Amino acid sequence: MTRRIVVTGGAIIRDEFGRILLQKRSDYGDWGLPGGGMEPGESIEETMLREVMEETGLEVKQYHLNSIYSGPRMKYTYPDGNEVVFVMFLFNVEAELKGKILDDGKTVNFKDQNNESLQLVFKGLDEIDLDSINAVQKPVFVDLITNNNKLLKT
C-alpha cells in the first residue's frame, strides 16, 4: 500500500444551458470531472489545460479558480490498494464547444488516445446521481448542488 499526496487540476465545464460536463473515467469506472495529476514542472493551470485537452479534446477559452479541496475527505484508495490524498484545484472553465457535441445535444464527440474517458456527457445538477460519482469527487458535487461557494474546502 502506497500513501502519497497527489495534486490535481480539474475543470467545471458548463454548456450554454448551465449543464456540467461529466466524464465516465476508465480508471475508476464511475463519473467525475475532467482533470488529473500535476506533472513535475507544471503550474496548476497548465495541469488543468493539459488534462482537459487530453481527456475531452476541448480547447479552453478562459478559466478562473473555483475551489481548492484538501484534507481527510480527499483520501482515496484505488482498486489496486494504493492510498492517496488529493489536493484538488478546480477551475470554472469556458471551452469551445462548437462542432464538438453530438446530435443528442449533450454528448461530447471525442475519443482520447489513452482511453481515460469512456463517455463525456453534459448533465444538469438535478440530473446527477451522486451514487454514480467517484467517492473523492462526491464532496465537489454536493457543494455544487448546495451552492457552497467557499474557496478552500477541507
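See the structure shown above.
Residues numbered from 1 in each chain as written. Predicted model: local features only at pLDDT ≥ 70, side-chain atom pairs only at ≥ 80, totals over all residues. Heavy atoms only, no water.

*Asks:* So what's going on with the packing of aromatic side chains? Residues and values would help.
*Replies:* Inspection of the entire model under this criterion finds three aromatic pairs. Here Tyr63 and Phe91 contribute two aromatic rings whose centre-to-centre distance is 5.7 Å and whose plane-to-plane angle is 85°, an arrangement assigned as edge-to-face. With Tyr63 in strand E5 (residues 60–69) and Phe91 in strand E7 (residues 83–95), this residue pair connects regions lying 28 residues apart in the sequence. Looking at Phe91, the relative accessible area reads 3%, which means it is buried. An angle of 45° between the planes, with centres 6.4 Å apart, marks the rings of Tyr76 and Phe86 as tilted. A residue pair is termed long-range when its members are at least 10 positions apart, and Tyr76 in strand E6 (residues 75–77) and Phe86 in strand E7 qualify at ten residues. Tyr76 sits in the buried class, given a relative accessible area of 11%. Each residue in the set Tyr76, Tyr78 and Phe86 is aromatic and connected to the rest through ring pairs, giving one cluster. (Phe/Tyr/Trp six-rings, centres within 6.5 Å; stacked < 30°, edge-to-face > 60°. Helix = DSSP H or I, 4+ residues; strand = E, 2+ residues; numbered from the N terminus. Buried < 20%, exposed > 50% of the residue type's maximum accessible area, 1.4 Å probe, protein only.)

*Asks:* Go over a nonpolar patch on the surface, please, and point to the residues and values.
*Replies:* On the surface, a nonpolar cluster with roughly 260 Å² of combined accessible area is contributed by Leu65, Leu151 and Leu152. Along the chain, Leu151 falls in the loop between helix H2 (138–146) and strand E9 (152–153). Residue Leu151 is classed as partly exposed on the basis of its relative accessible area of 42%. (Patch = residues over 30% accessible without salt bridge, like charges linked within 9 Å, V, L, I, M, F, W, Y side chains within 5 Å. Areas by Shrake-Rupley, 256 points an atom, 1.4 Å probe, with all protein chains shown as cover. Salt bridge = Lys/Arg side-chain N within 4 Å of Asp/Glu carboxyl O.)

*Asks:* Please set out the nonpolar core residue by residue, giving values where relevant.
*Replies:* Grouped together as the largest cluster of nonpolar side chains are 21 residues, with contacts concentrated most on Leu33, Phe86, Met88, Leu90, Val140 and Phe141. Residue assignment for this core shows that the elements contributing at least two residues are strand E1 (3–13), strand E2 (20–25), E7 and H2. For this core, the leading source of residues is E7, giving four residues. Ignoring any residue separated from it by four or fewer positions in sequence, one finds Leu33 in contact with Ala11, Ile12, Ile20, Leu21, Gln23, Arg25, Leu90, Gln137, Val140 and Phe141. One finds Ile44, Val52, Val93 and Leu120 within the second-largest nonpolar core, a separate group that totals 15 residues. (Core = buried A, V, L, I, M, F, W, Y, C linked by side-chain atoms within 4.5 Å. Contact = heavy atoms within 4.5 Å.)

*Asks:* So, the pattern of salt bridges: which residues are in play, and what are the values?
*Replies:* Applying the stated rule across the entire model yields ten salt bridges. Put simply, Glu51 and Arg50 hold a salt bridge, and the shortest N to O gap is 2.9 Å. Beyond isolated ion pairs, a larger network of salt bridges with shared partners links Glu39, Glu42, Arg50, Glu51 and Glu54.

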